[in-house]
Amino acid sequence: MIDLRSDTVTKPPLAMREAIAAAEVGDDVFEEDPTVQRLEQAAAERLGKEAGLLTASGTMGNLVALLTHASPGDEVILEADSHIFNYEAGGAARVAGLMPRLVSGRRGTFDSKQLAAVLRPDNIHFPPTTLVCMENTHNASGGSVLDQPTVQETAAYARERGLALHLDGARIFNAAAAADVEPAELCEPFDSVMFCLSKGLAAPVGSVLVGSRGFIQKARQRRKLLGGGMRQAGVIAAAGIYALEVMAKRLTEDHRRARCLADALTGLGLTVMNEVATNIINIRLSGDLSAYALLSAWRSAGVAALPRDEKNIRLVLHYEISDDDVTAAVAALAQILG
Ligand code: TLP
């Protein structure tokens, strides 16, 4: 199976499994797991923050951040196509008790004018707004890298207004690789950042939330509240350290293959909707073509991908997809379309 459904499908490579087997562990709820501590410190350093907290998933990391920055009844500004708003089971409202207010970005980026337009004046009729979230790379628009000068400008405005800033950086290492900068540079405007070890970095499980020492101390309690305090989690953290040290260096390969695949699909007459800056391709079908029917035929030919809806398909490149896989996937599709 050539699996283009997500970079989450990546299985841990052998050397990562060896690191897992060799991990020194302890009880992390007692803060006695040396490998977890090493990962949290390394992650914080890479992202330019003081401290880190290992979470079971990206969804949990984002939720812990919401619970730590804001109080029930507060309003949180989310981008309309963001993962937190659309694909995290409504946790912001249901678990954190927050009221989402949406701002529509351009490929995920929104400026201070757009932010100002949704901020409410100080008045007893309105909930207090305490937090602004962004997402880099922006999944829905095809792994777009946010426009950093605009991010800085929006963040400066938010800060002036006393708002906290959280970044859903599930794929921040893809963003940094594409922009050819250190991830810390992209994370600088934010108080907290969550990134995933289990996507393009190929760890079997885990995300890390980073921020100031005080923020992470408070977040540790929120993680416990959600049942996310783990014991000998060094087995997870060992994979995470390998992911950071080794896998983060090879993401540009996925980006190169994504561009090759996008060009080949354009050659077949399909419409690629995004610029393909990282590892995600969004395709829009025209005419009578149905995403479900096309994907079902492609699957029979050994290629899996996910529909976004009836007319839109998402393809995701990752380290288990080779140049030959790209060629084979295109050949199979050519036959279906032909
Ligand atoms: N995204 C997954 C699925 O939810 C669709 C994927 O395959 O892309 N933030 C962003 C931007 C994400 O893309 C995801 C996962 C998460 C957060 C949540 O991470 P997990 O799946 O670890 O909870």
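Residues numbered from 1 in each chain as written. Predicted model: local features only at pLDDT ≥ 70, side-chain atom pairs only at ≥ 80, totals over all residues. Heavy atoms only, no water.

**Q** Help me understand the environment of Asp7, please; the structure alone is not making it clear to me.
**A** Position of Asp7 relative to the elements: it lies in the loop between strand S1 (2-3) and helix H1 (14-21). Under the relative-accessibility criterion, Asp7 is labelled buried at 0%. The sequence separation of Asp7 and Asp180 amounts to 173 residues, and the corresponding C-alpha distance is 21 Å. Asp7 has contacts with Arg171, Ser198, Lys199, Gly200, Asn279, Val316, Leu317 and His318, leaving out every residue within four places of it along the chain. Side chain to side chain, Asp7 and Ser6 meet in a polar contact 3.4 Å long. (Helix = DSSP H or I, 4+ residues; strand = E, 2+ residues; numbered from the N terminus. Buried < 20%, exposed > 50% of the residue type's maximum accessible area, 1.4 Å probe, protein only. Contact = heavy atoms within 4.5 Å. Polar contact = N/O pair within 3.5 Å; in protein donor to acceptor, adjacent residues only side chain to side chain.)

**Q** Can you help me understand unusual backbone geometry in this one?
**A** Apart from glycine, the bulk of residues carry a negative phi angle, and the bulk of peptide bonds sit in the trans form. Residues Asn136 and Thr137 are joined by a peptide bond in cis, for which omega reads 0°. Positioned with a positive phi, Asp180 is a non-glycine residue whose angle comes to about 55°.

**Q** Help me out: how do you make sense of the site of the ligand in this one?
**A** Lining the immediate surroundings of the ligand are 14 residues, of which Ser6, Thr59, His83, Asp168 and Arg314 lie closest. Taking Asp168, its side chain carries an N or O atom lying 2.7 Å from a nitrogen atom of the ligand. Between an oxygen atom of the ligand and a side-chain N or O atom of Arg171, the distance comes to 2.9 Å. Look at the ligand: alone it shows 510 Å² of surface, and the protein chains cover 80% of it. When atoms are counted within 2 Å of each cavity's grid points, the one that captures over half of the ligand is the largest pocket. Considering each element in turn, the shell around the ligand owes the most residues, three residues, to helix H3 (residues 58-69). For the shell around the ligand, a count of residues per class yields one nonpolar, seven polar and six charged. (Near = heavy atom within 4 Å. Areas by Shrake-Rupley, 256 points an atom, 1.4 Å probe, with all protein chains shown as cover. 1 Å grid on protein atoms, 1.4 Å probe; cavity = no way out; pocket = protein on both sides within 12 Å on 5 of 7 lines; lining within 4 Å. Sits in = over half its atoms within 2 Å of the grid points. Nonpolar A, V, L, I, M, F, W, Y, C, P; charged D, E, K, R; others polar.)

**Q** Would you explain the packing of aromatic side chains in this entry?
**A** How two aromatic rings sit relative to each other is set out by the distance from centre to centre and by the angle between their planes. Per the stated rule, a full pass over the model turns up one aromatic pair. Relative to Phe195, the ring of Phe173 lies with its centre 5.3 Å away and its plane at 65°, an arrangement referred to as edge-to-face. With a gap of 22 residues between them, Phe173 in helix H8 (residues 172-179) and Phe195 in strand S7 (residues 192-196) connect regions that are remote in the sequence. Given a relative accessible area of 6%, Phe173 falls into the buried group. Judged by its relative accessible area of 0%, Phe195 falls in the buried class. Here the basic side chain of Arg231 rests over the ring of Phe30, its NZ or CZ set 6.0 Å away from the ring centre. (Phe/Tyr/Trp six-rings, centres within 6.5 Å; stacked < 30°, edge-to-face > 60°. Lys NZ or Arg CZ within 6 Å of the ring centre and 35° of its normal.)

**Q** I'm lost on the layout of surface pockets in this one. Help?
**A** It is a probe the size of a water molecule, rolled over the atoms, that shows where empty space is left. Empty space within the largest pocket amounts to approximately 390 Å³. Along the wall of the largest pocket there are 23 residues; nearest its centre are His83, Tyr87, Asn139, Arg171 and Arg314. Counting residues per element, the ones that place at least two in the lining of the largest pocket are H3, S7 and strand S12 (306-309). Each residue belonging to the lining of the largest pocket can be placed in one class, and the counts come to six nonpolar, ten polar and seven charged. A domain split of the lining of the largest pocket shows at least three residues from each of domain 1 (10-248) and domain 2 (250-337). (Points joined across faces, edges and corners; volume = space filled by probe spheres on them. Domains from an automatic or database assignment.)

**Q** Please explain the domain arrangement of the protein chain as it appears in this structure.
**A** The figure often quoted for interface size is the accessible area lost as the parts come together. Annotation of the protein chain at the domain level lists domain 1 (10-248) and domain 2 (250-337). Using only C-alpha atoms to locate each centre, domain 1 and domain 2 end up separated by 28 Å. Across the contact, 23 residues belong to domain 1 and 16 residues belong to domain 2. For the pairing of domain 1 and domain 2, the buried interface totals around 1,600 Å² over both sides, and the portion due to carbon and sulfur atoms is 51%. For the interface between domain 1 and domain 2, the tally reads two salt bridges. The partner of Glu275 in a salt bridge is Arg107, and the shortest N-O contact between them spans 3.5 Å. For the side of domain 1 that touches domain 2, the class distribution of residues is twelve nonpolar, eight polar and three charged. (Buried area = accessible area lost by both parts, 1.4 Å probe. Salt bridge = Lys/Arg side-chain N within 4 Å of Asp/Glu carboxyl O.)

**Q** Help me understand the packing of helix H13 (residues 291-300) against helix H14 (residues 323-337) in this model?
**A** The description of two packed helices rests on the angle between their axes and on the distance between the axes. Their axes nearest at 10 Å, the elements H13 and H14 cross at an angle of 125°. Of the possible angle classes, the one that applies to H13 and H14 is oblique. Between H13 and H14 lies a crossing whose hand is right-handed. Residues Leu294, Ala297 and Trp298 of H13 form the contact with H14, whose participating residues are Ala329, Ala332, Leu333, Ile336 and Leu337. Its residues assigned to classes, the contact of H13 with H14 comprises eight nonpolar, no polar and no charged. (Axes fitted to C-alpha atoms, helices over the stretch in contact; angles between N-to-C directions. Parallel < 35°, antiparallel > 145°, perpendicular 65-115°, else oblique. Left-handed = near helix turned anticlockwise from the far one by under 90°.)

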